[in-house]
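# Residue-level structural notes
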Amino acid sequence: MSPQEIAAKIGEQVGTSEWVEMSQERINQFADATGDHQFIHINEEMAKMTPFGGTIAHGFLTLSMIPFLTANSDVPRVDGIKMAVNYGGNKTRFIAPVRSGKRIRGHWKLLEMSEKRPGQWQQTMEITIEIEGEDKPALICEWMTMYFV
């Protein structure tokens, strides 16, 4: 879609991703990559004694799944892009923990699509990460991407 066609969808839900499992292996790999080895993430026995009842994914792991979820979604793509870069996030809130073994998926609502200079578009999406079978989402954030066409 052209940036202008996408801009016509401001205020609409524009996409949903496939489900993806947040396995203990993924959680452990993220712990190793970030150095965050807090027991609630990696020690299943100790984590059973917490209100979570078991290990949970890092909030930042859930947030970092956005590119993967986007790639595996029906979110409209900008035609003819030369480059897309993350521009930043606003209002990121971790609402509910993602327990090991649960599946998550993303939902996107287009908040803004504006041309900042010729050939450079800034898109802001509200992204909600749903946890399968749970009432509350894992997180809600506004995420900005800059597109160069």
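Here the structure is shown first, and the text comes after it.
Keep in mind the model is a prediction, meaning the values are calculated, not measured.

Moving on, we come to helix α2 (residues 24–34). Regarding α2, the residues found buried are Q24, I27, F30 and A31. For α2, the angular spread of the buried residues around the axis is 125°, confining them to a single face. Every exposed residue of α2 that faces more than 90 degrees away from the buried side is listed here: E25, D32 and A33. Buried residues along α2 sit in contact with α3 (39–42), α4 (44–47) and α5 (59–64).

Attention now moves to the pattern of salt bridges. Counted by the stated rule, this structure contains six salt bridges. Residues E45 and K48 are paired through a salt bridge, measuring 3.3 Å at the closest nitrogen-oxygen approach.

Attention shifts here to the nonpolar core. One finds I104 and I129 to be the most contacted residues of the largest nonpolar core, which totals 29 residues. Setting aside residues up to four positions removed in sequence, I129 forms contacts with T62, I66, L69, I104, R105, G106, P137, A138 and L139.

The next point concerns the layout of surface pockets. What the largest pocket holds in volume is close to 400 Å³. In terms of lining, the largest pocket is formed by 20 residues, of which the most central are P67, T70, N86, T145 and Y147. The set of elements that each furnish at least two residues to the lining of the largest pocket consists of α5, α6 (66–71), β3 (83–94), β5 (120–131) and β6 (139–148). Of the residues forming the lining of the largest pocket, the biggest block, four residues, is contributed by α6. Considered class by class, the residues forming the lining of the largest pocket number 14 nonpolar, five polar and one charged.

Turning our eyes to something else, we now look at the packing of aromatic side chains. To describe a pair of aromatic rings, one takes the distance between the centres and the angle between the planes. Applying the stated criterion across every chain yields a total of one aromatic pair. Judged by centre distance (5.6 Å) and plane angle (75°), the ring pair of F60 and F94 falls under edge-to-face. Of this pair, F60 sits in helix α5 while F94 is found in strand β3, placing the two residues 34 residues apart along the sequence. Residue F94 is classed as partly exposed on the basis of its relative accessible area, which comes to 43%.

On the secondary structure map, H58 appears in the loop between α4 and α5. H58 has contacts with I27, F30, A31, D36 and H41, leaving out every residue within four places of it along the chain.

Reading guide: rules and limits
- Residue numbers run consecutively from 1 along every chain, following the written order of its sequence.
- In keeping with the predicted nature of the model, local features appear solely for residues at pLDDT of at least 70, side-chain atom pairs appear and are counted solely at 80 or more, and the whole-chain, interface and lining totals rest on all residues.
- Neither water nor hydrogens contribute to the side-chain values; these are computed over all heavy atoms in the structure.
- Relative accessibility decides the category of a residue: with a 1.4 Å probe and only protein chains considered, values under 20% of the type maximum give buried, values over 50% give exposed, and everything between is partly exposed.
- Under the scheme used here, helices are H or I runs from DSSP no shorter than 4 residues and strands are E runs no shorter than 2 residues, and both carry numbers assigned from the N terminus.
- The arc in question is traced by the directions running from the helix axis to the C-beta atoms.
- Every residue pair with non-hydrogen atoms within 4.5 Å of one another is taken to be in contact.
- Here a salt bridge means any side-chain nitrogen of Lys or Arg lying within 4 Å of a carboxyl oxygen belonging to Asp or Glu.
- By nonpolar core is meant a set of buried Ala, Val, Leu, Ile, Met, Phe, Trp, Tyr and Cys residues that side-chain atoms within 4.5 Å join together.
- Every definition here rests on a 1 Å grid over the protein atoms only: cavities are sets of points where a 1.4 Å probe fits but cannot get out, pockets are open sets enclosed by protein on both sides within 12 Å along at least five of seven lines, and lining residues have some atom within 4 Å of a point.
- Grid points are joined across faces, edges and corners, and a volume is the space filled by probe spheres set on the points.
- Note that Gly is not counted as nonpolar here; it falls among the polar residues with everything else outside the nonpolar set of Ala, Val, Leu, Ile, Met, Phe, Trp, Tyr, Cys and Pro and the charged set of Asp, Glu, Lys and Arg.
- Note on ring pairs: Phe, Tyr and Trp rings are taken, using the six-membered ring of Trp, and paired if centres are within 6.5 Å. Classes follow the plane angle, with under 30 degrees stacked, over 60 edge-to-face and the rest tilted.

By themselves, these observations are geometric and do not establish any function.
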